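Descriptive analysis of the structure
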Amino acid sequence: MTPPFPPRSHSEIERLCALASVGASLASRAFSRLLEGTVVSGVPRVCAPVDPTEPAQWCTGIVFEAEGDLTGLVAIVMSEPDRDLAVKMMMGDADPHDPIVESALRELGNIIASQTVSAIADSMDATIMLSIPTLVMHDADVVLSSLIIQRGAWVRIETDLYRPDGALNALLVFAPDRPKPDPF
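Residues numbered from 1 in each chain as written. Predicted model: local features only at pLDDT ≥ 70, side-chain atom pairs only at ≥ 80, totals over all residues. Heavy atoms only, no water.

In this section: empty space enclosed by the protein. Here the structure, examined in full by the defined rule, presents one cavity of 30 Å³ or more. In this structure, the largest cavity occupies an estimated 40 Å³ of space. A66, L70, V74, V117, I120, I128 and F174 together form the lining of the largest cavity. When the residues that make up the lining of the largest cavity are grouped by side-chain class, the tally is seven nonpolar, no polar and no charged. (1 Å grid on protein atoms, 1.4 Å probe; cavity = no way out; pocket = protein on both sides within 12 Å on 5 of 7 lines; lining within 4 Å. Points joined across faces, edges and corners; volume = space filled by probe spheres on them. Nonpolar A, V, L, I, M, F, W, Y, C, P; charged D, E, K, R; others polar.)

Take a look at the structure:
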């Protein structure tokens, strides 16, 4: 029996990692400007779409659906302390329960995800559009895993975004949808 979707080739995964790397590089520059400090991107790593053994650490997430020539999910996730530090760096001592904080986090995600997707689209000479951001303030890792399963992603590419001094860490997640089977 043939599997419903063919396994992806090593070269295809390498291409997606290269795209994620280019996207993360631009995202880290944008993140640096927003936080007025250096943020760098790590080396992308390929993960299973969902790993049930992975420890839960990502409290907050800003999640986008990508549509167009490449579809899937793009997300930026952070732990609660990293989220609070990012907000403080952007807004000073804002009350974490103030609605403006949620707006600032959505905008942070919007800028980072837009830079990521623009770099990927430019590299592919493709059109990719992002949805309005969905902000998840608690259990972002659970929500993201659920969305990845619902969309049928076949791989998840993760790239760390971090300050070299260790003061802030975030994770950029790119989970392309499983290609649709050829109807013929």
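Next comes the rest of the write-up.
In this model, the protein chain carries an average pLDDT of 85, and 89% of its residues clear a pLDDT of 70 or more. Low pLDDT, under 50, characterises residues 1-7; the predicted model gives this stretch five contacts beyond four residues in sequence or across chains. (pLDDT = per-residue confidence, 0-100. Contact = heavy atoms within 4.5 Å.)

Another point: the side chain of D82. Examined against the element boundaries, D82 turns out to sit in helix α2 (residues 80-91). For the buried residue D82, which engages in no salt bridge, the nearest side chain bearing the opposite charge is R163, 8.9 Å off. Sequence-distant contacts of D82, that is, excluding residues within four places in its chain, are made with A167, L168 and N169. (Helix = DSSP H or I, 4+ residues; strand = E, 2+ residues; numbered from the N terminus. Buried < 20%, exposed > 50% of the residue type's maximum accessible area, 1.4 Å probe, protein only. Lys, Arg positive; Asp, Glu negative; His and termini not counted. Salt bridge = Lys/Arg side-chain N within 4 Å of Asp/Glu carboxyl O.)

With respect to the helices and strands, the residue S118 is situated in helix α3 (residues 99-124). Take S118: its relative accessible area is 38%, and that puts it in the partly exposed class. For the pair formed by S118 and G23, sequence separation is 95 residues and the distance between their alpha carbons is 7.4 Å.

Residue position: R156 is located in strand β7 (residues 156-162). A polar contact is formed between the side chain of R156 and the backbone oxygen of P49, at a distance of 2.9 Å. (Polar contact = N/O pair within 3.5 Å; in protein donor to acceptor, adjacent residues only side chain to side chain.)

Residues other than glycine seldom take positive phi values, yet E36 does so here, at roughly 50°. Structurally, the position occupied by E36 is in the loop between α1 (10-35) and β1 (40-41). Here D125, not a glycine, exhibits a phi torsion of approximately 55°, which is positive. Checked against the element boundaries, D125 lands in the loop between α3 and β5 (128-130). With relative accessibility at 74%, the residue D125 sits in the exposed group.

Its place among the elements puts T38 in the loop between α1 and β1. As a C-alpha pair, T38 and D165 span 127 residues in sequence and 9.1 Å in three-dimensional space. Beyond its immediate chain neighbours, meaning those up to four positions away, T38 contacts S32, Y162, R163 and P164.

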